[in-house]
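# Coordinate inspection notes
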Amino acid sequence: MPRSTETPDWVRARRRAIGDQIRAARLHANLTQERVALAIDMDRASYNRVEQGHSAATIDTLILIADAVGVPLADLVR
């Protein structure tokens, strides 16, 4: 069965919650968005969209972010 092209509200809300966790971990590590974006080879605007929950991150990107801010991946997606 094909998936609807519209992302459900609950998924967007969860994506924003993950972005909040990413932001909290980044701030706890005393890092800027620019610093994390450079560490994971992503432009800052794209990183910002992930952190704001406006863009869905791949699992690879989440792994890179977790490593850059020094937390286990699970801490970002709880």
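Placed above this text is the structure.
These lines cover the structure that appears in this document, whether it is placed above or below. (Residues numbered from 1 in each chain as written. Predicted model: local features only at pLDDT ≥ 70, side-chain atom pairs only at ≥ 80, totals over all residues. Heavy atoms only, no water.)

### Observations concerning the side chain of Glu 51
This is how the line gets drawn: The helix and strand labels rest on DSSP assignments: H or I over at least four residues marks a helix, E over at least two residues marks a strand, and numbering proceeds from the N terminus. Nitrogen and oxygen atoms within 3.5 Å of one another constitute a polar contact, given that in protein one can donate a hydrogen and the other can accept it, and given that sequence-neighbouring residues count only through two side-chain atoms. Only heavy atoms matter for contacts: two residues are in contact if any of them lie within 4.5 Å across the pair.
Inspection of the secondary structure puts Glu 51 in helix α3 (residues 44–52). A polar side-chain atom of Glu 51 sits 2.8 Å from a polar atom in the side chain of Arg 26. Ignoring any residue separated from it by four or fewer positions in sequence, one finds Glu 51 in contact with Gly 19, Asp 20, Ile 22, Arg 23, Arg 26 and Gln 33.

### Some details on the pattern of salt bridges
Selection rule: Any carboxyl oxygen of Asp or Glu within 4 Å of a side-chain nitrogen of Lys or Arg constitutes a salt bridge here. Relative accessibility decides the category of a residue: with a 1.4 Å probe and only protein chains considered, values under 20% of the type maximum give buried, values over 50% give exposed, and everything between is partly exposed.
In this structure the tally under the stated criterion is five salt bridges. Two residues, Arg 78 and Asp 75, come together in a salt bridge whose shortest N-O distance is 3.0 Å. Among the residues examined, Arg 78 registers a relative accessible area of 64% and is labelled exposed. Among the charged side chains, a network of salt bridges with common partners joins Asp 20, Arg 23, Arg 26 and Glu 51.

### Here's the deal with unusual backbone geometry
As a rule of thumb, non-glycine residues mostly have phi less than zero, and peptide bonds are mostly trans rather than cis. One non-glycine residue, Asn 30, lies in positive phi territory at about 60°. As for its position among the elements, Asn 30 is in the loop between α1 (9–28) and α2 (33–39). Take Asn 30: its relative accessible area is 70%, and that puts it in the exposed class. A positive phi is found at Asp 41, a non-glycine position, where the angle reads about 60°. Topologically, Asp 41 is positioned in the loop between α2 and α3.

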